[in-house]
Amino acid sequence: MTGFLQDLRYALRQLIKAPGFTLTALLTLALGIGVTAAVYSVVQMVLLEPLPYPDQDRLVGVAWTFPHEKPNAEQAGSAADFVRENSGAFSSSTVMDDSMYAANLSVNGGRAVQVNALRVSEGYFRTLGITPAIGRGFSSEEDRSGGAKAAVLSYSLWIRVFNGDPSVVGRTIRLNQESFAVIGVTPARFVASSESALGITGSPDLWQPLQLSSKEPGYEGDNYMMIARLRNSVTLDQVQQQLNALQQPFYQRYPGYRKWLDRGNELHELRAWKLQDVVVSEVRRSLLTLMGAVAAVLLLACLNLAGLMIARSLRRSREIALRAALGATQAQLLRLLACEGILLAIGGGVLALFVTHAATYVLLHAAPLAIPALHGEPSQWLTSAVVMLVALASTTFFSILPAWILLRGRSREMRLGGMSIGETVSHARLSRGLMVAQVALAMVLVSMASVLLGTFANLRSLPSGVEPKQLTVFQVTLRGERYASTRKTTQFVASVLDQLSHRPGVDRVAAVNGLPLDRGLNTSGFPAGHPELGQTIEFRAVTPHYFETMGVSLLAGRDIADSDRADGDLVVVVGEMTAKKWWPGRSPIGQYIRIGKEKNWRIVGVVADVRSRSLVEAQGVMVYAPMVQLTDEFTGVLNGWFPTTFAVRTAARVNLAQLAQQAVTRADPEIPVAKLTTMQAVIDDTVQEPRFFSLLAGGFSGFALVLTVIGLFGLLSYQVTQRTREIGVRMALGADRARILLTFLSRGLMLASVGVVVGGAASWLLRPVVSELLADAGIDASVHSANVIMNGTQATVFAVAAILIATIAASWLPARRAASVEPMQALRTE
């Protein structure tokens, strides 16, 4: 034990004497292990941990979906009812909306706040195996169409708004200006995951009965989700067999669904997956790809560390030879060198813990991935233990490995009086092999990062169709009986617009149901008299001056005007693509279109195309209609599904937060303002995931380049040290400094070239992985044009250039050092 402590003290002094090596090794360990541990902790928490429900392995998601889709639970109301009527495989099941909606909650006449609400059927809590902390869940009577209005509160909302008052059960709250009875509160640890917007997940603040009915507008569309609990004696395969047997009877009852085909002309199928697979399906591929990238970084860090330790051990070969000559055993020599690794492991592990915790926080809270918030936070103790174990194992191994190489066979470097004129063949091969592997890995990471970064740059350059400068937007929810009519809705909208338009600094104002690049209504439509041309269209209800406010160019005809009244002719404005698609080569002005079950609408204008859902989605049929001309039924559907958005263009910097709330409060005191932001922020939100993956890949590739530069610099510096006598002899025999400089530069470039070839081949094989990662971020290579996704050849050229520049940078100083050797001094030293 005394000898071990002496070795530790000596190793510490040696590390302090070599601050460059020590700092490099510590940072390599901290970044390589820390980031890897952070990503693994998230992967383990999301993909591997069981769902926090009793007997979670009996829970399944039941979907009506196209073949080859990822596991999901998407359902049409008709398909969900059909399955529940005809399948006996489930002990209980529940249907819910496919996303939460924003609701206005007010208590005891106070100012309303916006909360996330989710409509669920009566079996929701029973299916998940959850018993409310106080009160009860929904009854079948409450879940019937026209049933009593009831609500179950989340534990966090109960604490936040009701101060944890147990007498809340039985009280009445105002939800969207309607009275609801509170019947229960969920347990503190119950967290459900649901979408609040496209690609954004969260947990509901309250639940209300779904009251699913065939009369509901979205009943026939895939606007719902279905979860079921299997009976004890039923397996997942048996459930799928039952669902397969139900497909033909389903299409016999609903033959209209045979028109719902995908690009391969395939019909929807009834499918069942484990709920665990459904919950993580959207992020599984992204997280595993991320895990692969950080594993490559960790491997690169280990290769770099191995190179550093080997070079350091070889430099100490005479010291080791002297110790061996004085009687030190091989075990004692191995222990001496291992002590350095132990000290580096402790220091690097501590730094890695800080990196791990910071990176985990970023992944869970700042990343735009729709990571399900179901499994809580990763165990800090377990993560810390794993980090320290990996640090200790890696550094100890890479400390002992070069020592074992040195001690094996008593190589020439260990001869006390030997003249070192170079390195052994085995050492040279090992060093070069490590360097080639580092360059190859760096090539893979840089080329993948180039595709992602180039794609993100292309996305940022795509036009959205609107002018975002000086444009602010905010939303309100007009849901409930009060705003089920067009007159009440337009009166509220007109009041807000009138108040805002008279404020100093406000240039133009307008309102829309379905903001560009947010969410809007898709319905069916076709040119009047040509139902065979019918297809899904993007419909937006707007107020006068909407296009002027948003900065959308008017190409033909006129804008929606104040003269377009409720009792006037029904008019619409269409997008440019719509005009070209349905009336190629001629003007659509004066033509009529049929929207859904509504009457014919006359086209009065054509505007430039505006991206409706994302910057990369193919432009579809876009139709705009005056908000005042909608029927009450149509308005009720829009208000029930989508918020009303106000757009305000200002001439100068104006603080609109207070102005917006004042205008809305004067129009209706029970309506809160939500999501006040700039239009530029809305546009930026659509590229959050590509930006996140691009920056992350850029960071990984940058770290890989730095490690490659360090490794190559260390290798060439060691070679210069080992070959000092040889260099002196060459220069004494007439070799000029330029030739020596070129020799060592060419050595680095040769190693890099081999690594580039190997890494380039690996990058080509990994192209499908990059395409899948882009698809998870909403950019499908099979759909979108090549001007969005960066060309693979361009990415390879960029990666090769980056590697070669890094190689020259790493080789230059050692080569200059070699070229500056004085022949007589080198020979005298040796």
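Scope of this entry: the structure provided in the associated data block. (Residues numbered from 1 in each chain as written. Predicted model: local features only at pLDDT ≥ 70, side-chain atom pairs only at ≥ 80, totals over all residues. Heavy atoms only, no water.)

Remarks on the overall build of the protein
Inference 1: Within the protein one finds 23 helices and 25 strands.
Inference 2: The proportion of buried residues among the 830 residues of the protein is 53%.
Inference 3: In the protein, of all internal contacts separated by at least 6 residues, the share reaching a separation of at least 24 is 82%. (Helix = DSSP H or I, 4+ residues; strand = E, 2+ residues; numbered from the N terminus. Buried < 20%, exposed > 50% of the residue type's maximum accessible area, 1.4 Å probe, protein only. Contact = heavy atoms within 4.5 Å.)

A short note on the side chain of Thr 65
Inference 1: Position of Thr 65 relative to the elements: it lies in strand 1 (residues 59–65).
Inference 2: Looking at Thr 65, its side chain comes within polar contact range of the side chain of Asn 72, at 3.4 Å.
Inference 3: Once residues lying within four places of it in the same chain are set aside, the contact partners of Thr 65 are Asn 72, Leu 267, His 268, Glu 269, Arg 271 and Trp 273. (Polar contact = N/O pair within 3.5 Å; in protein donor to acceptor, adjacent residues only side chain to side chain.)

Remarks on the side chain of Asp 559
Inference 1: With respect to the helices, strands and loops of the structure, Asp 559 is situated in the loop between strand 19 (554–557) and strand 20 (571–575).
Inference 2: Summary of buried charges: Asp 559 has no salt-bridge partner, and the nearest side chain of opposite charge, Arg 558, is 7.0 Å away.
Inference 3: For Asp 559, the residues in contact, after removing those within four places along its chain, are His 545, Tyr 546, Phe 547, Glu 548, Leu 554 and Asp 564. (Lys, Arg positive; Asp, Glu negative; His and termini not counted. Salt bridge = Lys/Arg side-chain N within 4 Å of Asp/Glu carboxyl O.)

Side note on the nonpolar core
Inference 1: Counting 56 residues, the largest nonpolar core has Val 39, Val 46, Leu 287 and Ile 803 as its most contacted members.
Inference 2: Every residue in contact with Val 39, bar those within four places of it in the chain, is listed here: Leu 290, Met 291, Val 294 and Leu 363.
Inference 3: Core analysis: the second largest hydrophobic core is formed by 43 residues, Ala 541, Ala 625, Leu 659 and Ala 663 among them. (Core = buried A, V, L, I, M, F, W, Y, C linked by side-chain atoms within 4.5 Å.)

Concerning the packing of aromatic side chains
Inference 1: All chains considered together, the criterion is met by 26 aromatic pairs.
Inference 2: Look at Tyr 155 and Trp 158: their rings are 5.5 Å apart centre to centre, the planes differ by 70 degrees, and that puts the pair in the edge-to-face class. Here Tyr 155 and its partner Trp 158 are both found in helix 5 (residues 155–162), three residues apart, which amounts to about one turn of the helix.
Inference 3: A relative accessible area of 31% places Tyr 155 in the partly exposed class.
Inference 4: When the ring of Tyr 483 is compared with that of Phe 492, the centres are 5.7 Å apart and the planes differ by 70 degrees; the resulting orientation is edge-to-face. Here Tyr 483 matches Phe 492 in class, with each residue buried.
Inference 5: Cluster of aromatic residues (ring-pair linked, three or more members): Trp 64, Phe 82, Phe 250, Tyr 251, Tyr 254, Tyr 257 and Trp 260.
Inference 6: The ring of Tyr 101 has Arg 479 lying over it, and the distance from NZ or CZ to the ring centre is 3.7 Å. (Phe/Tyr/Trp six-rings, centres within 6.5 Å; stacked < 30°, edge-to-face > 60°. Lys NZ or Arg CZ within 6 Å of the ring centre and 35° of its normal.)

A short note on the pairing of strand 13 (residues 224–230)
Inference 1: The buried count for strand 13 comes to six of seven residues, which makes it a mostly enclosed element.
Inference 2: Across three bridges, the pairing between strand 1 and strand 13 is antiparallel. Considered in strand 13, the bridge of Val 60 is made with Ala 228.
Inference 3: As defined by bridge partners, strand 3 (residues 90–97) adjoins strand 13 across seven bridges and the pair is classed as antiparallel. Across the sheet, the residue bridging to Phe 90 is Leu 230, located in strand 13. (Pairing = 2+ DSSP bridges.)

Let's talk about the environment of Leu 659
Inference 1: Its location among the elements puts Leu 659 in helix 16 (residues 656–667).
Inference 2: Classification of Leu 659 by relative accessible area gives buried; the value is 15%.
Inference 3: When the C-alpha atoms of Leu 659 and Leu 500 are compared, they prove to be 7.3 Å apart, with 159 residues separating the residues in sequence.

Examining the pattern of salt bridges
Inference 1: All told, the structure shown has 16 salt bridges when counted by the stated rule.
Inference 2: Here Asp 97 and Arg 119 are joined by a salt bridge, their closest N and O atoms 2.7 Å apart. Of this pair, Asp 97 sits in strand 3 while Arg 119 sits in strand 5 (residues 113–120), placing them 22 residues apart in sequence.
Inference 3: The exposure class of Asp 97 is buried, given its relative accessible area of 10%.
Inference 4: Arg 174 serves as the salt-bridge partner of Glu 670, at 3.3 Å between the closest nitrogen and oxygen. Of this pair, Glu 670 sits in the loop between helix 16 and strand 25 (674–678) while Arg 174 sits in strand 8 (residues 172–175), and the two are 496 residues apart along the sequence.

Focus: the packing of helix 3 (residues 77–86) against helix 6 (residues 236–253)
Inference 1: At a closest axis distance of 11 Å, the pairing of helix 3 and helix 6 adopts a crossing angle of 125 degrees. Here helix 3 lies oblique to helix 6, going by the angle between them. As for the relative orientation of helix 3 and helix 6, their crossing is right-handed in sense. Note on element contacts: helix 6 touches helix 3 through Leu 243, Leu 246, Pro 249, Phe 250 and Arg 253, opposite Ser 78, Ala 79, Phe 82, Val 83, Glu 85 and Asn 86.
Inference 2: A per-class count over the contact of helix 3 with helix 6 returns seven nonpolar, two polar and two charged. (Axes fitted to C-alpha atoms, helices over the stretch in contact; angles between N-to-C directions. Parallel < 35°, antiparallel > 145°, perpendicular 65-115°, else oblique. Left-handed = near helix turned anticlockwise from the far one by under 90°. Nonpolar A, V, L, I, M, F, W, Y, C, P; charged D, E, K, R; others polar.)

So, helix 12 (residues 486–501)
Inference 1: Between its first and last C-alpha atoms helix 12 spans 22 Å; for 16 residues at 1.5 Å apiece the expected length is 22 Å, and the two agree.
Inference 2: Along helix 12, the positions that sit buried rather than exposed are Thr 486, Thr 489, Thr 490, Phe 492, Val 493, Val 496, Leu 497, Gln 499 and Leu 500.
Inference 3: Against strand 15 (471–476), strand 16 (506–513), helix 15 (632–641), strand 24 (644–650) and helix 16 lie the buried residues of helix 12. (Expected span 1.5 Å × (residues − 1).)

Comments concerning unusual backbone geometry
Leaving glycine aside, a negative phi is the common case for residues, and trans is the common case for peptide bonds.
Inference 1: Positioned with a positive phi, Asn 176 is a non-glycine residue whose angle comes to about 55 degrees.
Inference 2: Judged by its relative accessible area of 5%, Asn 176 falls in the buried class.
Inference 3: Look at Lys 675: it is not a glycine, yet its phi comes out positive at around 55 degrees.
Inference 4: Within the secondary structure, Lys 675 sits in strand 25.

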